[in-house]
Amino acid sequence: MTTLEIPHVGRFDVQVWESGSGEPLLYLHGYERHPGGAGFLRRLAEDRRVLAPEQPGYGRSTGVESFTDVLDVALFYRELVESWGVDGIDVVGHSLGGMFAAELAVVAPHLVRKLVLVNAFGLWLEEQPAPDPFGAADEVKAAKWHGEAPKSEPTNFEPDPDDPHAAILFAAQNLGSATKFMWPIADRGLRRRLPLIDAPTLVVHGTSDGLLPLAYAEEFVRLIPDARLAPIERAGHYPMVEREDEFVTAVTDFLKG
Amino acid sequence: MKFHWFAQHYYTKLPQDFGDTVRSSWVTPPASVADPTQVGEDYHMYLRLMQQADGLGWDSLLLNEHHQTSLAMTPSPNLLAAVLAATTENAAITLCGNSLALYNPPVRVAEEMAMLDALSGGRLIAGIVFGTPMDTAFSYGVPPIELRERFHEARELILRAWREPEPFAFNGKYTQLRYVNTWPRPVQDDVPIWIPGSGSPETWDVVNDNDYCYGYLSFSGKQSAAPIVGGFWDYTQSQGADMNPNRMAFTQIICTADSEAEAERQYSDAVKYFYRQNPTAIEFATPPGYNTPSAIKANLTRAKTQSAEERLKATRGELSFWEYDELGYIIAGTPERVEQRVRELATELRIGQLITCMHVGDLPEEVAAQNNTLFGTQVIPKLRDVWGEEEDRWTPKVSQERVAAKFGNGAGLPV
């Protein structure tokens with residue numbers, strides 16, 4: 001557990017999953033939950049140091065109430081990265097974490113070397129309104145996956161034998177924290193700031209994502225000065241789960257190149 | 001005890017299969033179902049019934065705020081309250097309430113409530129509510145995780161706006177105003193404040209810390225409500241806070257008739273219409289972030305006094321009329337039976353403020369008017385002794401005095 005005291009903002013106790021050594025990589029998880037030590041993270045950690053904090057307000061990470069807006073989140077991650085004593089870091093952000101990763105690249109161009117956005121939230125396309133990621137559970141589940149939903153989705157949740165309701169509370173708390181930045185529409189003005197990103201950017205997108213049509217990824221590519229698209233076919237909102245090999249290859253090739 | 005006249009301003013001409021065919025009667029019900037001319041006629045009916053109740057001894061006329069629903073066509077209860085403030089004499093006007101987090105700047109609520117208090121000569125009860133998830137998170141787009149903080153910031157601003165003699169600046173997280181100087185101010189020095197809730201311990205703290213009246217406004221009746229109402233009183237006692245029964249408001253559907261057979265004949269269809277025509281999509285009822293973790297825990301661990309099957313049958317209109325009565329969803333029958341059942345309810349759950357729901361669903365106006373007459377003349381006078389000795393700081397002095405003057409000993413004022 002890492003504790004950050006940011007003057008005039010608040011105190012954050014942050015759970016950080018860390019593995020590997022070498023060049024540092026910051027992984028920011030999606031709107032539902034931290035994936036724990038999922039296969040794709042372990043593979044990324046084979047030749048680099050992966051640091052995957054759990055977002056404040058999710059699981060055991062605290063401090064979401066100290067955020068007034070998404071700028072606070074970007075400044076929080078800047079503080080967190082600096083607390084690791086690194087002078088530059090590659091950043092991979094998935095889903096809501098993609099929104100935060102892009103904001104971080106805007107406010108901390110000196111820190112963010114390369115940026116990977118994976119099925120990222122943050123934009124709104126009037127001509128292709130994205131469905132409600134907090135809608136009916138069965139509809140969201142169907143929208144997220146290209147194929148059959150896996151039996152269990154990657155998670156850092158640990159059942160508590162003393163609390164039969166722990167899983168319900170975990171999900172409610174995580175998604176509740178996501179509403180701060182995604183409700184009623186996951187647009188906090190990122191469009192106006194994407195043109196300021198200096199970092200070379202790869203926009204990875206599971207093309208069957210029912211929550212975010214491919215047009216959203218294309219819009220990221222259009223707005224970020226140095227960006228290219230890496231579509232992953234036969235994958236939905238979680239390409240790193242449905243197409244782990246393709247995902248890891250696309251990301252590592254980009255980061256090495 | 002006191003009586004507050006209420007009806008959900010239901011749309012009275014829904015297609016008979018509405019409840020079976022729409023996904024949700026909240027947030028996304030097809031607007032084409034409601035004919036605006038009919039809605040206008042419905043408003044007039046509800047107003048007539050409330051004006052009648054003012055002349056029968058009710059202590060207040062109560063209105064609520066809901067959005068985008070066929071259950072209650074009162075997105076702005078303040079508009080109807082204004083009509084009542086100008087056309088009634090005795091009863092208080094209870095807004096129960098205004099959803100504070102939905103108005104920015106919230107001084108709008110301070111202004112409208114002050115207008116109503118002025119217009120009614122000091123008869124306003126200011127109910128302030130979080131609002132249902134359907135109203136707040138969906139119809140008005142407030143991020144659920146911000147709702148409570150927005151509510152409390154607005155509450156503090158409104159109370160200051162009523163009290164501070166000089167203009168002041170307010171630098172909040174959600175509202176910034178350089179010059180707060182609300183005109184007019186309320187007539188009452190301390191406008192009575194009610195906060196209805198759904199059993200969240202955080203709300204109980206606010207209610208107890210500020211000496212407000214709490215309310216549990218469900219339509220599921222005594223049996224299902226007992227754990228929450230009892231939970232509030234246990235908590236209040238454990239905190240050493242005020243146990244005055246007048247700090248508890250509770251909703252109860254009332255169906256009074258000359259005989260039990262008449263009650264079933266007159267009300268049964270309307271009661272079933274009320275319950276079965278209101279399907280609420282699960283995702284609209286339980287958005288993440290709306291309930292705090294402690295409220296979720298309290299809900300999950302609270303004793304269930306009703307089976308899921310019974311609950312489901314109730315919401316589908318599949319219980320018999322007398323099963324609804326037995327489970328407490330409704331209190332039906334002759335004035336004598338209704339009196340006895342209300343007495344039990346108010347005594348057992350320690351309720352000083354009973355919100356009587358006198359019209360349900362598509363009940364014909366003449367039946368509701370008869371309900372008013374029977375309950376107002378034959379039930380209310382006999383129940384004035386319940387908690388009659390308890391001080392009541394949660395209804396306006398003016399309405400207490402006027403109801404007592406007109407309806408005699410035991411009405412309105414403590415004996």
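Residues numbered from 1 in each chain as written. Chains lettered and ligands numbered in written order. Predicted model: local features only at pLDDT ≥ 70, side-chain atom pairs only at ≥ 80, totals over all residues.

Chemist: Would you mind showing me how to read the overall build of chain B here?
Modeler: For chain B, the count of helices and strands is 16 helices and eleven strands. The C-alpha atoms of chain B give 20 Å as radius of gyration, which agrees with the globular expectation for 415 residues (22 Å, within 12%). Of all intrachain contacts in chain B linking residues separated by at least 6 positions in sequence, the fraction that spans at least 24 positions is 78%. (Helix = DSSP H or I, 4+ residues; strand = E, 2+ residues; numbered from the N terminus. Rg over C-alpha atoms; globule rule 2.2 N^0.38 Å. Contact = placed C-beta atoms within 7 Å.)

Chemist: Can you help me understand the environment of Tyr267 of chain B in this one?
Modeler: Residues and elements named next belong to chain B. With respect to the element layout, Tyr267 can be found in helix H9 (residues 260-276). According to the C-beta neighbour criterion, Tyr267 is buried, with 27 such atoms within 10 Å. In this structure Tyr267 touches Cys255, Ala332, Leu363 and Val367, once residues within four positions along its chain are discounted. (Buried ≥ 20, exposed ≤ 12 C-beta atoms within 10 Å, placed from the backbone.)

Chemist: Got a minute to help me understand the packing of helix H2 (residues 70-83) of chain A against helix H3 (residues 96-107) of chain A in this structure?
Modeler: Residues and elements named next belong to chain A. Relative to each other, H2 and H3 sit at 70°, their axes nearing to 9 Å. Put simply, H2 runs roughly perpendicular to H3. Side by side, H2 and H3 meet where Val70, Val73, Ala74, Leu75, Tyr77 and Arg78 of the first sit next to Met99, Phe100, Glu103, Leu104, Val106 and Val107 of the second. Within the contact of H2 with H3, the residues separate by chemical class into ten nonpolar, no polar and two charged. (Axes fitted to C-alpha atoms, helices over the stretch in contact; angles between N-to-C directions. Parallel < 35°, antiparallel > 145°, perpendicular 65-115°, else oblique. Nonpolar A, V, L, I, M, F, W, Y, C, P; charged D, E, K, R; others polar.)

Chemist: Sorry if this is basic, but what is going on with the nonpolar core here?
Modeler: Note on soluble globular proteins: their nonpolar side chains tend to be buried together. Counting 196 residues, the largest nonpolar core has Ala102, Ala105, Leu117 and Val204 of chain A together with Phe250 and Val271 of chain B as the members making the most contacts within it. By residue number, the principal contributor to this core is H3 of chain A, which donates eight residues. Sequence-distant contacts of Ala102 of chain A, that is, excluding residues within four places in its chain, are made with Gly93, Leu117, Ala120, Gly122, Leu190, Leu194 and Ile197 of chain A. (Core = buried A, V, L, I, M, F, W, Y, C linked by C-beta atoms within 7 Å.)

Chemist: What is the right way to look at the interface of chain B and chain A in this model?
Modeler: It is common to give the size of an interface as the accessible area that goes away when the parts come together. In this assembly, 16 residues from chain B lie in contact with 17 residues from chain A. Mapped by element, the contributors of at least two residues to the side of chain B that touches chain A are helix H6 (144-163) and helix H11 (293-301) of chain B. When residues in the side of chain B that touches chain A are grouped by element, the largest group, four residues, is from H11 of chain B. Along the lines of polarity and charge, the residues of the side of chain B that touches chain A split into ten nonpolar, two polar and four charged.

Chemist: Sorry, what's going on with unusual backbone geometry here?
Modeler: Note: most peptide bonds trans; most residues except glycine with negative phi. Note the cis peptide between Asn104 of chain B and Pro105 of chain B, where omega equals 0°. Of note, the amide linkage connecting Trp183 of chain B to Pro184 of chain B takes the cis form, showing an omega dihedral of -15°. Take Pro184 of chain B: it is sitting in the loop between strand E6 (176-180) and strand E7 (193-197). A positive phi is found at Ser95 of chain A, a non-glycine position, where the angle reads about 60°. The topology assignment puts Ser95 of chain A in the loop between strand E6 (89-94) and H3. You can call Ser95 of chain A buried: it has 28 C-beta atoms within 10 Å. Of note in the backbone geometry, Gln68 of chain B takes a positive phi value of approximately 55° without being a glycine. Tracing the backbone through its elements, the reader meets Gln68 of chain B in the loop between strand E2 (60-63) and helix H3 (77-87).

Chemist: Just to check I follow, could you spell out the sheet that holds E6 of chain A for this structure?
Modeler: Residues and elements named next belong to chain A. An order of E3-E5-E4-E6-E7-E8-E9 is seen for the seven strands of this open sheet, with the pairing classed as mixed. The open sheet has two edge strands with one neighbour each: strand E3 (16-19) and strand E9 (227-232). Mean inter-strand twist for the sheet, computed between neighbouring axes without regard to direction, equals 20°. (Pairing = 2+ DSSP bridges.)

Chemist: What's the story with the packing of helix H2 (residues 36-54) of chain B against H3 of chain B in this structure? I'm lost.
Modeler: Packed helices, taken two at a time, are described by their axes: the angle between them and the distance between them. All names here are of chain B. Remark: H2 packs on H3, axes separated minimally by 11 Å, with the N-to-C direction vectors making an angle of 35°. Here H2 runs over H3; the crossing is right-handed. Of the residues in H3, those touching H2 at Tyr43, Leu47, Met50 and Gln51 are Leu80, Val83, Leu84 and Thr87. Of the residues assigned to the contact of H2 with H3, the class counts are six nonpolar, two polar and no charged. (Left-handed = near helix turned anticlockwise from the far one by under 90°.)

Chemist: Explanation requested: the pairing of E6 of chain B in the structure shown.
Modeler: In the case of a regular strand, side chains alternate between the two sheet surfaces. Residue and element names in this part refer to chain B. Counting buried residues along E6, only zero of its five residues qualify, which leaves the element largely exposed. Of the pairings in the sheet, the one linking strand E5 (residues 168-171) to E6 comprises three bridges and is antiparallel in character. Its bridge partner being in E6, Phe170 is matched across the sheet by Leu177. Between the antiparallel neighbours E5 and E6 lie four residues.

Chemist: Just checking my understanding: could you explain the environment of Ile351 of chain B for this structure?
Modeler: Residues and elements named next belong to chain B. One can find Ile351 in the loop between helix H14 (335-348) and strand E11 (353-359). With 101 residues separating them along the chain, Ile351 and Phe250 place their C-alpha atoms 6.8 Å apart. Look past the residues within four positions of Ile351 in its chain and what remains in contact with it is Pro245, Met248, Phe250, Leu345 and Ala346.

Chemist: Would you mind going over the confidence of the model for chain A with me for this structure?
Modeler: If pLDDT is low for a region, its predicted coordinates should not be looked at in detail. When pLDDT is averaged along chain A, the result is 97; 100% of the residues meet or exceed 70. Mean pLDDT across the secondary structure elements of chain A bottoms out at strand E1 (residues 2-6) of chain A, with 95, and peaks at strand E7 (residues 112-118) of chain A, with 99. (pLDDT = per-residue confidence, 0-100.)

Chemist: Quick question: what am I supposed to make of the environment of Glu260 of chain B here?
Modeler: All names here are of chain B. By the secondary structure assignment, Glu260 is in helix H9. Counting along the chain gives 246 residues from Glu260 to Leu14, while the straight-line C-alpha distance between them is 27 Å. Beyond its immediate sequence surroundings of up to four residues, Glu260 is in contact with Gly333 and Thr334.

Chemist: Can you help me understand helix H6 (residues 214-223) of chain A in this one?
Modeler: Working note: α-helix, 3.6 residues per turn, so residues spaced by three or four point in the same direction. All names here are of chain A. Along H6, the positions that sit buried rather than exposed are Tyr216, Ala217 and Phe220. Along H6, the residues classed as buried sweep out an arc of 100° about the axis, all on the same side. Tucked inside the fold, the buried residues of H6 contact E7, strand E8 (201-206) and E9. (Arc of directions from axis to C-beta.)

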